[in-house]
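What the coordinates show
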Amino acid sequence: MVSRVRVWLNRTYAENVFFMDQLRRNPSDRAVEIHATHGDADSPVLAAADTAELEPEGLSPAGYVEYALAQCRRRGIDVFVPRLHQSAIVAHRAEFEAVGTALLAPPPEAVAVFQDKVVAYEAVQAVGVPVPPWFRVRDADELLAAVEELEAGGHRACFKPASGAGGVGFRMITRSPFSLTHLSGFPTPYVQLDLVLDALRRSEEPVDWLVMPRLEQPEVSVDCLTGPDNRVRLAIGRVKNGRRRGFTLQDQWLEPARLVVEGFGLHYLSNVQFRMFGDTPVLMDVNTRPAGGLHQLSLCGVNVPWLAVQLALGDDPGTVTPPFLGQDYTVVAGPRPLRPVSIPQQRPETEAPLLPAVPAPAQPGSVQTGAALPL
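Source: prediction; values computed, not measured.

**Focus: the sheet that holds strand β2 (residues 32-38)**
- Strand order in the open sheet formed by five strands is β3-β2-β1-β4-β5, and the pairing between neighbours is parallel. Each edge of the open sheet carries a strand with a single partner, namely β3 (51-54) and β5 (102-103).
- Here four bridges tie β2 to β3, and the two strands are oriented parallel to one another. The partner of T37 across the bridge, within β3, is E53.
- Sheet strands touched by helix α3 (residues 61-75): β1 (5-10), β2, β3 and β4 (79-81). Its angle to β1, the strand with the most contacts, is close to 155°.
- Strand contacts of helix α11 (residues 304-312): β1, β2, β4 and β5, with the helix running at about 110° to β1, the strand carrying the most contacts.

What follows is the structure in structure tokens.
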């Protein structure tokens, strides 16, 4: 009898409830039990998991590694998909292997390159992947100089933190003065240059921003599955153009993504994002973790989360070609159950029959998560 697989996702995005669903509906028909931890008791991933815990707050990266090792030992984790403190965790891969846990994450050298966007841009440019013009700024004078140079070239300037993920801190610069028109309708990512400069001059601490031209659509996120031998097993681009989404296997997107993931050893699941700078696709960002929208590749007939777990367990699926490319679609919100209390009664830690692989019954509270629907 084939044993169950125990997978842990730590402090992951709400959209990864679909990642969890796909693991349970794997084509190998293998039992999967999912453990989830989070700092937010109302995260839907806790409700979707078989067992769940709130994570302790205030741990240093080293302290979090000790916590993670203890979780893996106590919960019998076979595959750990780390998001929080990924860089610290992958540096201790041998210790996790010693307790029987495979890390579904790249080696520390690869993670380090892509923690800092400036380091990442310099590194990928050296292997022939196009990047947009960029400026690293730390104060008001550097920001103003970067914006003026970009505007002189006919570009709109934007900025984002040199390190970070998920679009946090991304803003677009405008010279339009602040007025009541900015208080009507919905908030936008536009910020007035004079207000930003004033805030920087009043701040006692420097910033660390990447200033670059605003890149145009389409945005193409290439999801990659790569083995420990640095060879890509699967690469599919998800195309975003406004509300419309679709898929691509065109070389102009996949080949530079392959250069990145194979050249830097981005093992297992990664995501390489491109946008247009004029007529040229250029690198926008690289994620050394599964993308939140990875589950959308199910519309192409592939279960990528399960392929990644197989690979992490040493069951190499080989090169995978999607049987088809799904039709264009859009993403809409839908309800997911929440736990009725901060942390529910846990399943006994002794071996027990698996419960049905479905979320708990809906409780009075719910949260919206995105599901893909055809257009």
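**Re the sheet that holds strand β9 (residues 190-192)**
- One open sheet accounts for five strands, arranged β6-β10-β7-β8-β9; its pairing is mixed. Looking at the sheet topology across the chains shown, the edges are occupied by β6 (135-137) and β9. The average angle at which neighbouring strand axes cross in this sheet is 35°, direction not considered.
- Note that strand β8 (residues 171-174) and β9 share three bridges and pair parallel. Bridge pairing links M172 to Y190 in β9.
- The sheet contacts of helix α8 (residues 140-152) involve β6, β7 (157-161), β8 and β10 (209-213), and relative to β6 the element is tilted by about 155°.

**Some words on the nonpolar core**
- Counting 39 residues, the largest nonpolar core has V7, L23, L104, L269 and V309 as its most contacted members.
- Broken down by secondary-structure element, the contributors of at least two residues to this core are β1, α1 (17-24), β2, α2 (44-48), β4, β12 (232-241), β14 (268-277) and α11.
- By residue number, the principal contributor to this core is α11, which donates seven residues.
- With 34 residues, the next largest nonpolar core counts A110, C158, V222 and V286 among its residues.

**What to know about the pattern of salt bridges**
- One pass over the full model with this rule turns up 23 salt bridges.
- One salt bridge in this structure joins D229 and R233, with 2.9 Å as the shortest N-O distance.
- The class for D229 is partly exposed, based on a relative accessible area of 45%.
- By relative accessible area, which is 2% here, R233 ends up buried.

**Quick word on the pairing of strand β13 (residues 244-248)**
- Of the pairings in the sheet, the one linking β12 to β13 comprises five bridges and is antiparallel in character. Across the sheet, residue V239 finds its bridge partner in β13, namely G246.
- Here β12 folds back onto β13, and the loop between the two strands holds two residues, one of which, G242, carries a positive phi near 65°.

**Concerning the packing of aromatic side chains**
- Enumeration according to the criterion identifies nine aromatic pairs in this entry.
- Ring geometry for W8 versus Y67: centroids 6.3 Å apart, planes at 75°, classification edge-to-face. In this pair, W8 is assigned in strand β1 and Y67 in helix α3, connecting sequence segments 59 residues apart. Each of the two residues, W8 as well as Y67, counts as buried.
- Measuring from ring centre to ring centre gives 5.5 Å for F114 and F264, while their planes differ by 85°; the resulting arrangement is edge-to-face. With a gap of 150 residues between them, F114 in the loop between α6 (108-113) and α7 (117-126) and F264 in the loop between α10 (251-263) and β14 connect regions that are remote in the sequence. For the pair formed by F114 and F264, the shared burial category is buried.
- Among the aromatic residues, those joined into a ring-pair cluster are W8, Y64, Y67, F80 and F96.
- The ring centre of Y13 lies 5.0 Å from the NZ or CZ of R83, which sits over that ring.

**Thoughts on unusual backbone geometry**
- Cis geometry is found at the peptide bond from Q217 to P218, where omega equals 5°.
- Its location among the elements puts P218 in strand β11 (residues 216-226).
- The residue R11 is not glycine, and still its phi comes out positive at about 35°.
- Mapped onto the elements, R11 comes out in the loop between β1 and α1.

**What about the pairing of β11?**
- In terms of residue burial, β11 counts as a mostly covered element, since eight of its eleven residues are buried.
- Alignment of β11 against β14, held across eight bridges, turns out to be antiparallel. When the bridges of β14 are listed, L225 appears paired with L269.
- In this structure, β11 lies alongside β12, joined through eight bridges in antiparallel fashion. Residue L225 lies in a different strand from β12, and its bridge partner there is L234.
- Taken together, β11 and the strand that follows it, β12, pair antiparallel across an intervening segment of five residues, in which N230 is found at a positive phi of about 70°.

**Notes on helix α9 (residues 193-202)**
- Among the residues of α9, L193, V196, L197 and L200 are the ones counted as buried. Taken around the axis of α9, the buried residues stretch over an arc of 100°, which confines them to a single face.

Scoring rules and cut-offs
- Residue positions are counted from 1 within each chain, in the order its sequence is given.
- Selection of residues for local features in this predicted model requires a pLDDT of at least 70, selection of side-chain atom pairs for listing and counting requires 80 or more, and totals for whole chains, interfaces and linings are taken over all residues.
- Only hydrogens and water are removed before side-chain values are computed, so all heavy atoms of the structure are retained for them.
- What makes two strands pair is DSSP finding at least two bridges between them.
- By the criteria applied, helices consist of DSSP H or I runs no shorter than four residues and strands consist of E runs no shorter than two, each listed in order from the N terminus.
- Contact criterion: two residues are considered in contact whenever any of their non-hydrogen atoms come within 4.5 Å of each other.
- Helix axes are fitted to C-alpha atoms over the stretch in contact, other axes to C-alpha atoms as well, and angles between N-to-C directions run from 0 to 180 degrees.
- Buried Ala, Val, Leu, Ile, Met, Phe, Trp, Tyr and Cys residues form a nonpolar core when they are joined through side-chain atoms within 4.5 Å.
- Burial status follows relative accessibility: with a 1.4 Å probe on protein chains alone, a residue under 20% of its type maximum counts as buried, one over 50% as exposed, and anything between as partly exposed.
- Note on definitions: salt bridges are taken to be side-chain nitrogens of Lys or Arg within 4 Å of carboxyl oxygens of Asp or Glu.
- Planes of paired rings set the category: under 30 degrees apart is stacked, over 60 is edge-to-face and the rest tilted, where pairs are Phe, Tyr or Trp rings (Trp by its six-membered ring) whose centres lie within 6.5 Å.
- When the NZ atom of lysine or the CZ atom of arginine is within 6 Å of a ring's centre and also within 35 degrees of its normal, the charge is said to sit over that ring.
- By construction, the arc corresponds to the directions joining the helix axis to the C-beta atoms.

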